[in-house]
Amino acid sequence: MLATILLLALPFCAAESASNYAGSTVVDSYPPPGTTNTAVDAHFPDASQVGYAGPTPTGAEPAAIVTAIPFSKVENIFPLSRPNSADGADINFNVTRHWGNLSPMYSVESFGLPDASPIIPEGCGLNAVHLLMRHGARYPTSGSGPSQFASDVHAAALTEGFSATSDLEFLATWTYKLGAEILTPFGRESLFSNGVAFRYRYGKLLNAFTDLPVFRTTSEDRMVDSALNFAAGFFEVRTYETDYHQEIIIEENNFNNTLAPYDVCPNANSEDIGNFGGTEAGKWADIYLKDAQTRLQPMIQGFNLTISLLVDMQELCAYETVALGYSKFCDLFTEEEWEGFEYYIDLDFWYGFGPGNPTAAAQGLGYVQELVSRLTHTPINVWNSSTNSTLDSSNITFPLNQPIYVDATHDVVISSIVTALNFTSLAATGPLPTDHIPPHRSYISSQIAPFSSQLVAQVLSCPASEEPTHIRFLLNDGVVPLTGIHGCTEDANGLCALPSFISGMHERIGQINYAHDCFANYTMPNPDNIIDGRYPC
């Protein structure tokens, strides 16, 4: 009898009654209001006023990308807690690598060149480097699924009959603690660390500058913060503001900007074409989340767990982890369901911003034109894409003689640019089906455009080769084959002779019909068998 009484008293047997604040938004603000006091500030002079700095001799610039064997990889997410799935802890399954574009960047092992290393191949030297990077981890976009989920929970909590139990019991007192759009602390840290790493790998190229570098970003808050945190890591916190020029390009509708090309490509924003990735991903969500819906719905009363809300919960796992360090939403889903979520994002990117969308190559065209201009030291003279003629026709805002170029952009833009570059190895197993995950697929969004993603072009001198100058690309540390580019042949190290690459890019530029793909009145092909980001001829 006593055992029965004790069992009935255990808390897991009863549903948790929801507080009326469940799902409400919590916002903190720092520094506290009214703390700015110039009279107090005078008591804290900066280092230049205090003096007594001690010895300050500098050393030689590092060149780890040439000398550091083995290569140092990005493999952890410190200081974030690594989440588990509903299946429990498994050191061989990393949930964070199944978040698609919401994954923190990690070093990709291979894109089909298993023997290639990011380290400069033996017998070659480094001439220049071009970096295209994504901003760091951020809060969700305004009005997106996670905040809507919170609003729905809060609305339900204010009505009779809402309760949660078992694995969902936390929702009874859960509050929404995420902001919108801007970088999280982890996002700031990762860009700073990337700046430090880039200095270690490519710092020696600074010796070839005759003027201060010009780095570019867009005007959105998270873009500016990403660029500044990278620069603070690459240069030095106390001096970075005077060590380079930061160009900030307006990101807004009808402003030409190769780092935000969707603002001048109307078809990229249409419901039919621009949202096609979301449409195809939704078909897959109805399949892979069916078991989760059956399992989790009995744990919550007065709240209908739709498939779209379950997707929001998986997104909350990612967003809360990169913003707060931990999320209870993560271990609600099995490993199979996390693999399903990753493929959901893959479908969204393939058909929305990648090889399967007819505007993708057009959106990436402007950056490709800029890259060719920089590689050939030749000003752009044709303005038929998202390039900004005011900025790109100036040797001040668009210099052509830098050994280091750094541009900051968004995930969908990186996806469009690698499509425009015709990295066909990424599309080798496409188009992607919406009813199952194909084995050994080549297109994985967490490897292409995660938070803090990096696309690096290395320009190399290889004197022993028939052609002395070569180029190759690293995407999140994985060497990308260039065999989809006309004139580039198979190479174990991913090398392509620079003249061949430039010729191939001129051909590719000529193939992309920007005016048609961005502005013409057409509908998505059915079926959509596009694999090169262009509308079929």
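Just so you know, these numbers come straight off a predicted model, no measurement behind them.

### A word on the packing of helix H11 (residues 307–324) against helix H12 (residues 335–353)
Between two packed helices, what matters for the description is the angle formed by their axes and the separation of those axes.
Consideration 1: One way to put it is that H11 packs onto H12 with a least axis distance of 11 Å and a crossing angle of 95 degrees. The angle between the axes of H11 and H12 places the two elements in the roughly perpendicular class. Counting all contacts with H11, which are made through Val 311, Gln 314, Glu 315 and Cys 317, the residues of H12 involved are Glu 337, Trp 338, Phe 341 and Tyr 344.
Consideration 2: Its residues assigned to classes, the contact of H11 with H12 comprises five nonpolar, one polar and two charged.

### Quick word on the nonpolar core
Consideration 1: Among the nonpolar cores identified, the biggest contains 118 residues, and Phe 149, Leu 168, Phe 329, Leu 421, Phe 423, Phe 473 and Phe 501 are the most heavily contacted of them.
Consideration 2: Here this core gets eleven residues from one element, more than from any other, and that element is H11.
Consideration 3: Residues in contact with Phe 423, not counting those within four places in the same chain, are Val 418, Leu 455, Phe 473, Val 480, Leu 482 and Ile 485.
Consideration 4: Counting residues in hydrophobic clusters, the runner-up holds 35 residues, among them Tyr 202, Phe 215, Phe 235 and Val 456.

### Some details on the pattern of salt bridges
Should their charged atoms come close, side chains of opposite charge can pair.
Consideration 1: Applying the stated criterion across every chain, the model contains 15 salt bridges.
Consideration 2: Between Arg 216 and Glu 370 there is a salt bridge; the shortest N-O distance is 2.7 Å. Here Glu 370 lies in helix H13 (residues 360–376) and Arg 216 lies in strand E4 (residues 214–218), a separation of 154 residues in the sequence.
Consideration 3: Taking the relative accessible area as the measure of exposure, Arg 216 reaches 2% and is therefore buried.
Consideration 4: For Glu 370, a relative accessible area of 1% puts it in the buried group.
Consideration 5: With a closest N to O distance of 3.8 Å, Asp 392 and Arg 216 form a salt bridge. With a gap of 176 residues between them, Asp 392 in helix H14 (residues 389–392) and Arg 216 in strand E4 connect regions that are remote in the sequence. The two residues Asp 392 and Arg 216 agree in class, both being buried.
Consideration 6: Each of Arg 216, Glu 370, Arg 374, Asp 392 and Asp 407 takes part in salt bridges that share partners, so that together they form one network.

Reading guide: rules and limits
Residues numbered from 1 in each chain as written. Predicted model: local features only at pLDDT ≥ 70, side-chain atom pairs only at ≥ 80, totals over all residues. Heavy atoms only, no water. Axes fitted to C-alpha atoms, helices over the stretch in contact; angles between N-to-C directions. Helix = DSSP H or I, 4+ residues; strand = E, 2+ residues; numbered from the N terminus. Parallel < 35°, antiparallel > 145°, perpendicular 65-115°, else oblique. Contact = heavy atoms within 4.5 Å. Nonpolar A, V, L, I, M, F, W, Y, C, P; charged D, E, K, R; others polar. Core = buried A, V, L, I, M, F, W, Y, C linked by side-chain atoms within 4.5 Å. Buried < 20%, exposed > 50% of the residue type's maximum accessible area, 1.4 Å probe, protein only. Salt bridge = Lys/Arg side-chain N within 4 Å of Asp/Glu carboxyl O.

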